[in-house]
Amino acid sequence: MIGPMNTLYHYVHCPFCVRVRMALGFLSTEYKSVVVPYDDEKTPVDLTGVKMLPIMGLEDGTNMNESLDIIKKFDTKNELDFSLYDKHKDEIEALLNEIAGPVHNLCMPYWVWTPEFNEKSRQYFVEKKSKKRGPFNKLVQNRQAFLKQLVPVLMKVKNNLHPYFGGDKFTVVDIMIASHLWGLYVFPEFQFPQDLNMYLQKVKQLCNFDYHEDFWRD
């Protein structure tokens with residue numbers, strides 16, 4: 001008989017959810033995966049009081065969110081070494097914000113057509129995100145401008161790879177960066193430069209990560 005298992009409630013497309021999945025894969029931590037429909041407000045609110053994922057339901061019956069807190073909870077031996085992030089937190093968070101803007105503008109119109117969404121959750125997502133970013137058809141029309149915004153950001157990432165971000169050791173920062181960039185693989189007109197693609201594929205290998213696995217498995 002299988003005993004209680006930690007349960008990860010998440011969205012497939014969400015970079016903060018992806019970073020938890022990557023970290024748990026790196027740490028070889030088993031968990032039950034629950035992909036929450038984007039229009040399901042009740043599940044996350046019942047668990048933590050707010051509509052925010054990821055949420056980790058722990059074996060003791062408590063729940064926690066905040067992706068880095070979840071990772072720290074399971075990284076008991078500090079295998080992902082948070083020292084680089086702690087030392088350069090402001091710069092790293094600024095870089096992630098620079099990545100997130102154009103990536104989300106480019107990818108949201110495509111994410112909604114992945115298997116994660118049905119008609120109801122797709123409409124909810126489009127209506128909510130359009131209030132912040134504008135109509136999705138306009139995002140598609142402006143894709144060249146967003147691609148142009150990516151160029152200097154990707155150069156910043158590339159220039160800091162030695163071969164991992166900020167040094168020769170794989171850390172949580174690599175997972176944070178990779179999870180924000182991963183969404184671009186769904187964008188049909190974009191190809192990563194070879195060195196960045198190799199970097200992301202190395203992160204994927206280290207983390208035993210498959211973007212769609214958590215959606216399809218039981």
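So, here's what we can say about the structure. (Residues numbered from 1 in each chain as written. Predicted model: local features only at pLDDT ≥ 70, side-chain atom pairs only at ≥ 80, totals over all residues. Heavy atoms only, no water.)

1. Quick look at the packing of aromatic side chains
Right, on to step 1. Scanning the model with the defined rule gives 12 aromatic pairs in all.
Right, on to step 2. Each ring, one from tyrosine 11 and one from tyrosine 38, has its centre 4.8 Å from the other, and the planes form 45°; the classification is tilted. Of the two residues, tyrosine 11 is situated in the loop between strand 1 (7-10) and helix 1 (15-26) and tyrosine 38 in the loop between strand 2 (32-35) and helix 2 (42-48); the sequence distance between them amounts to 27 residues. Comparing tyrosine 11 with tyrosine 38 shows no difference in burial state: the two are buried.
Right, on to step 3. Their ring planes at 90° and their centres at 4.9 Å tell us that phenylalanine 190 and phenylalanine 192 sit as a pair that is edge-to-face. (Phe/Tyr/Trp six-rings, centres within 6.5 Å; stacked < 30°, edge-to-face > 60°. Helix = DSSP H or I, 4+ residues; strand = E, 2+ residues; numbered from the N terminus. Buried < 20%, exposed > 50% of the residue type's maximum accessible area, 1.4 Å probe, protein only.)

2. Topic: the sheet that holds strand 2
Right, on to step 1. The sheet built from 4 strands is open, its strands ordered 2-1-3-4 with mixed pairing. The two strands at the open ends of the sheet, each matched to only one other strand, are strand 2 and strand 4 (63-65). Strand-to-strand twist in this sheet, taken as the mean axis angle between neighbours without regard to direction, amounts to 20°.
Right, on to step 2. Bridge analysis of strand 1 against strand 2 gives 4 bridges, and the strand direction is parallel. (Pairing = 2+ DSSP bridges. Axes fitted to C-alpha atoms, helices over the stretch in contact; angles between N-to-C directions.)

3. What about the pattern of salt bridges?
Right, on to step 1. Within the structure shown, the criterion is met by 6 salt bridges.
Right, on to step 2. Put simply, arginine 143 and glutamate 189 hold a salt bridge, and the shortest N to O gap is 2.9 Å. Linking arginine 143 in helix 8 (residues 143-159) with glutamate 189 in the loop between helix 9 (172-181) and helix 10 (194-206), this pair joins segments that are 46 residues apart in sequence.
Right, on to step 3. When its relative accessible area of 25% is taken as the criterion, arginine 143 is described as partly exposed. (Salt bridge = Lys/Arg side-chain N within 4 Å of Asp/Glu carboxyl O.)

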